[in-house]
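# Reading the structure
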Amino acid sequence: MAAALAVTVSACGGGNIKETKSASGKSCGTVNIAVNPWTGYEANAYVIGHLAKTKLGCTVNYQDVKEEVGWQGMSAGTTDTIVENWGHPDLVKKYVDQQKTVQDAGLTKNEGIIGWYVPPWMAQKYPDITDWKNLNKYADLFKTSESGGKGQLLDGDPSYVTNDEALVKNLHLNYKVVVGGSEAALIQSFRSAEKNKTPLLAYFYQPDWFFSEIPLVKVNLPKYTPGCDSDPAKVACDYPPYKLNKLVSKKFADSGSPAYTLVKNFQWTNDDQNKVAEYIAKDKMDPDAAAKKWIDDNPDMVKQWLQGT
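Starting afresh in each chain, residues are numbered from 1 along the sequence in its written order. Totals for whole chains, interfaces and linings use every residue, but because this is a predicted model, local features are given only for residues with pLDDT of at least 70 and side-chain atom pairs only at 80 or more, for both listing and counting. Side-chain measures were taken over the full set of non-hydrogen atoms in the model, leaving aside hydrogen atoms and water.

### Overview of the overall build of the protein
By definition, any uninterrupted DSSP run of H or I lasting at least four residues is a helix, any uninterrupted run of E lasting at least two residues is a strand, and each is numbered from the N terminus. Secondary structure summary: the protein contains twelve helices and ten strands in total. Considered along the principal axes of its C-alpha atoms, the protein spans approximately 65 × 45 × 30 Å. Each residue is assigned to one of three classes by its accessible area relative to the maximum for its type, calculated with a 1.4 Å probe on protein chains only: buried under 20%, partly exposed between the two thresholds, exposed over 50%. Looking at the protein as a whole, 51% of its 309 residues qualify as buried. Residues count as neighbours in contact if any of their non-hydrogen atoms are within 4.5 Å of one another. Across the protein, contacts joining residues at least 24 apart in sequence account for 75% of those joining residues at least 6 apart. Only the protein chains shown count as cover for residues, and all accessible areas are computed by the Shrake-Rupley method using a 1.4 Å probe. When the accessible surface of the protein is summed, it comes to about 13,900 Å², and 51% of that surface belongs to carbon and sulfur atoms.

In structure tokens form, the structure reads like this:
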């Protein structure tokens, strides 16, 4: 919530881009795309943004914001789209159902999983550690200088979707949630734990390119059933499976911009997203260059997204 709004204006790539028109001849204007702080999201944003810029003649602004700030921006009309949304039923109720300032723009076809993970060496040495009922037995392994004598559960960016504080409390686990920071910080922690065979229990999620480098092992929490997480303070079940979707501001949806059609048409697989994310995070490519590389390699899918623009 306190995150500052950092706006990066993408260069239009020279005068020729400004002369680019969509297939329908509609003018695009400016598109403001929220960029939430994980690499998979960045992949969605830059693939859509690169196409909007180069195929539809849009001026694209990438806004580096936390999730809730992006919702607020759409409601205020300063952000046009969030291109990967992880649930947020409270924000759906407020902005979609009540204020009607934000609209669902359909599924990305990415399937999301949030959970607690251990490095592979721990699952091999302690096979029953992947059952939450056994976590207290191993709590001493996870003690750190920050965990107050309890086992440490390392969390990511505080803005991420998380029930971890409630889970630790309601499952009576002898653990303390410690904030680790960014996705990059979590990845570095897992790399170090696997390389040095040091204990680590941490929040992570899929899709994420990092699973191709180290196949993290998920801890089985009590099975999710619909409604078991309806009261955030009483959650004692696993995270739900997420069908990730896109969101747009009503202002953007009503604008007639061909970029709105592009956002609605955009769908791809977890493997597609992971490929672009790996270009960015592992190969250190510029996000726009990574997007272009994937777009050039997948013309048939891109053609489908541009239909009706």
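Further notes follow.
### With respect to the pairing of strand β7 (residues 175–179)
When DSSP locates at least two bridges between a pair of strands, those strands are taken to pair. Here strand β6 (residues 151–155) runs beside β7; their pairing, made up of five bridges, is parallel. When the bridges of β7 are listed, Q152 appears paired with K176. Handedness of the crossover joining β6 and β7 through helix α6 (residues 164–170): right-handed. Crossover handedness is defined by viewing with both strands directed away from the observer: a clockwise path from the first strand over the helix to the second marks the crossover as right-handed.

### Let's talk about helix α7 (residues 183–196)
When the terminal C-alpha atoms of α7 are compared, their 20 Å separation across 14 residues agrees well with the 20 Å that a helix rising 1.5 Å per residue should span. Turning to α7, its buried residues are E183, L186, I187, F190, A193 and E194. Relative to the axis of α7, the buried residues are bounded by an arc of 130° and lie together on one face. With respect to the buried face of α7, the exposed residues turned more than 90 degrees away are A184 and K195. Of the residues flanking the end of α7, it is K197, one or two places downstream, whose phi is positive at about 55°. Expected span, for any helix, means 1.5 Å times one less than how many residues it has. Here, the arc refers to the directions that run from the helix axis to the C-beta atoms.

### Section: the layout of surface pockets
Lining residues are those with an atom within 4 Å of a point, where the points come from a 1 Å grid over the protein atoms alone and group into cavities, where a 1.4 Å probe fits but cannot get out, or pockets, open sets with protein on both sides within 12 Å along at least five of seven lines. Grid points are joined across faces, edges and corners, and a volume is the space filled by probe spheres set on the points. Empty space within the largest pocket amounts to approximately 750 Å³. Forming the boundary of the largest pocket are 30 residues, of which H88, P89, D90, V161 and N163 lie nearest the centre. Every element with two or more residues in the lining of the largest pocket is listed here: α3 (67–76), α4 (89–98), α6 and β10 (242–249). For the second largest pocket, the calculated volume is near 180 Å³. Together, P37, W38, T39, S182, E183, A184, I187, Q188, R191, W209, A281 and K284 line the second largest pocket. With five residues, α7 is the single largest residue contributor to the lining of the second largest pocket.

### A few points about the nonpolar core
Counting 97 residues, the largest nonpolar core has W116, Y175, L201, F204 and W305 as its most contacted members. Sorting elements by how many residues they give to this core places helix α2 (residues 39–56) first, with nine residues. With residues near it in sequence (within four places) discarded, F204 still touches I113, I114, G115, Y117, L186, I187, F190, F210, F211 and L216. The definition of a nonpolar core used throughout is a set of buried Ala, Val, Leu, Ile, Met, Phe, Trp, Tyr and Cys residues joined through side-chain atoms within 4.5 Å.

### A word on the confidence of the model for the protein
Low pLDDT means the predicted atomic positions in that stretch should not be read closely. Confidence scores per residue from the predictor, reported as pLDDT, run from 0 to 100. In this model, the protein carries an average pLDDT of 92, and 92% of its residues clear a pLDDT of 70 or more. Residue range residues 1–19 is modelled with pLDDT below 50. Its contacts to residues more than four positions away, or to other chains, number 32 contacts.

### Digging into the state of the cysteines
Any cysteine sulfur atom paired with another within 2.5 Å is treated as part of a disulfide. Following the criterion strictly, the structure yields two disulfides and no others. Sulfur-sulfur distance for the disulfide between C28 and C58 comes to 1.9 Å. Disulfide C28 to C58: torsion about the S-S bond roughly 95°, handedness right-handed. Within this pair, whereas C28 is found in the loop between α1 (15–18) and β2 (30–35), its partner C58 is found in the loop between α2 and β3 (59–64), the two being separated by 30 residues in sequence. Note on C58: relative accessible area 0%, which makes it buried. One disulfide in the model links C228 with C237; its S-S distance is 2.0 Å. Linking C228 and C237, the disulfide has an S-S dihedral of approximately 85° and is accordingly described as right-handed. For C228, a relative accessible area of 23% gives the class partly exposed. Disulfide connectivity for the protein, with bonded cysteines indexed by sequence position, reads 1-2, 3-4.

### Some details on helix α9 (residues 258–265)
Burial within α9 is extensive, with six of its eight residues counted as buried. Listed as buried for α9 are P258, A259, Y260, T261, L262 and V263. Two or three places before A259, at the start of α9, stands the capping residue S257, its side-chain oxygen 3.0 Å from that residue's backbone nitrogen. Under this definition, polar contacts are N or O atom pairs within 3.5 Å; protein pairs additionally need one hydrogen-donor-capable and one acceptor-capable atom, and for neighbouring residues in sequence, both atoms have to be side-chain atoms.

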